Amino acid sequence: LVIGDVMIDSYLFGNVDRVSPEAPVPVVSVTQKDYRLGGAANVALNIKALGAHPILCCVVGSDKNAQVFNSLMNEHQLSTVGVCEDKSRPTTVKTRVISGNQQMLRIDEEDSSSLNNAAREMFIHRVLSLLDTEKIDVIIFEDYDKGLISSELINAVVEKANQKNIPTTVDPKKRNFANYKNVSLFKPNLKELREGLDIYVDPTSIESLKLGTSEIKKALGCKDALVTLSEHGMFVTDGVKNEWIKAHIRNIADVSGAGDTVISVASLAIAAGMDNIFATKLANLAGGLVCEKVGVVPIEGDILKSEALRLA
């Protein structure tokens, strides 16, 4: 079960041959338009690409972009049973203008305020109903701070998940950082860790990383804490065993969506019974692989498998 903020990642690809006479900005001659599932929907794509069956729980608007979103869901054969509509807010769209593999501009259409009371209650009911009717092996919170996830939702889902012994994993943002208590795996990046706990953590110091992750466990009571450190790799701990996994050297084209891939791979590994260190090593590898592609793209299972076997 994937719970989180969804969006359409829209791309305008083109060539730049001149500067505008109207302002000192480049003119992009568009050669291709592309629409992709983003945010928590990209997590669902990653889950599907790795052979599991995602159920995406999200809220979209009641607008033309929602129609595009649902069309993309159908195109990728993803279930829409958990997709809710809220007429009071737009469907989030992020449009990136790209030329020569270089992102030049991003335009965001969104409302990141919290859901109103009626929409929040409707959504919580939908999620809890799915937990009762579907066989769920892991629950992923993919939080983009767009207003979907609330403390009420987190408390209700985590309580029920713990009753059913379903692992819960979290890719957090600042707004709800302190609300994710008693989850199985909490996965902030370095910036989120620093902002969420208001502490400085040095990504090149193992003692600093131990201190930062111990503060996460103390504040939230999570089973495992995993911090992504960009070019410095990842650090994971269960409070007893610690592992600092260095990043693999890659030809980085675009880091967009890498966090989606990391939480997807780590969550499925945990659901499959792997230990947190192996899960982190696999997620670290997958995150690097998707950064070699331009735009938000899911991991390809065959490529991940062959690369993992090569490095084993």
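One can find the structure itself at the top, above this paragraph.
Let us look at the packing of aromatic side chains. Inspection of the entire model under this criterion finds 4 aromatic pairs. Here the aromatic rings of Phe177 and Phe186 are separated by 5.0 Å at their centres, their planes lie at 90°, and the arrangement is edge-to-face. Summarising the burial analysis for this pair, Phe177 and Phe186 share the class buried. Judged by its relative accessible area of 0%, Phe186 is buried. An aromatic cluster is present here, built from Phe141, Phe177, Tyr180 and Phe186 joined pairwise through their rings. Just above the ring of Tyr11 sits the side chain of Arg36; from NZ or CZ to the centre is 4.5 Å. In this arrangement the basic side chain of Lys173 is found over the ring face of Tyr144, its NZ or CZ atom lying 4.9 Å from the centre.

Attention now moves to the sheet that holds strand E7 (residues 102-109). An order of E3-E2-E6-E7 is seen for the 4 strands of this open sheet, with the pairing classed as mixed. Edge positions in the sheet fall to strand E3 (26-39) and E7, since each of these pairs with one other strand and no more. Shown here is a sheet whose adjacent strand axes are inclined to one another by a mean of 20°, direction ignored. Those strands touched by helix H1 (residues 40-49) are strand E2 (6-19) and E3, and its axis lies near 70° from that of E3.

Alternating residues of strand E8 (residues 139-142) divide into Ile139 and Phe141 and Ile140 and Glu142, and every residue in both groups is buried. As judged from the 3 bridges shared by strand E1 (residues 2-4) and E8, these two strands associate in the parallel manner. From the neighbouring strand, Ile3 faces E8, where its bridge partner is Phe141. In the sheet, E8 pairs with strand E9 (residues 168-171) via 4 bridges, with the strands oriented parallel. By the bridge assignment, Glu142 is partnered in E9 with Asp171. Since E8 and E9 lie parallel, the crossover through helix H4 (residues 151-163) that links them has a hand, and here it is right-handed.

Let us now look at the pattern of salt bridges. Enumeration according to the criterion identifies 16 salt bridges in this entry. In this structure, the salt-bridge partner of Asp108 is Arg106, at a minimum N-O distance of 2.9 Å. Among the residues examined, Asp108 registers a relative accessible area of 32% and is labelled partly exposed. For Arg106, a relative accessible area of 40% puts it in the partly exposed group. Among the salt bridges present, the one from Glu152 reaches Arg120, with a minimum N-O distance of 4.0 Å.

Analysis parameters
- Residues numbered from 1 in each chain as written.
- Predicted model: local features only at pLDDT ≥ 70, side-chain atom pairs only at ≥ 80, totals over all residues.
- Heavy atoms only, no water.
- Phe/Tyr/Trp six-rings, centres within 6.5 Å; stacked < 30°, edge-to-face > 60°.
- Buried < 20%, exposed > 50% of the residue type's maximum accessible area, 1.4 Å probe, protein only.
- Lys NZ or Arg CZ within 6 Å of the ring centre and 35° of its normal.
- Pairing = 2+ DSSP bridges.
- Helix = DSSP H or I, 4+ residues; strand = E, 2+ residues; numbered from the N terminus.
- Axes fitted to C-alpha atoms, helices over the stretch in contact; angles between N-to-C directions.
- Contact = heavy atoms within 4.5 Å.
- Right-handed = clockwise from strand over helix to strand, strands pointing away.
- Salt bridge = Lys/Arg side-chain N within 4 Å of Asp/Glu carboxyl O.

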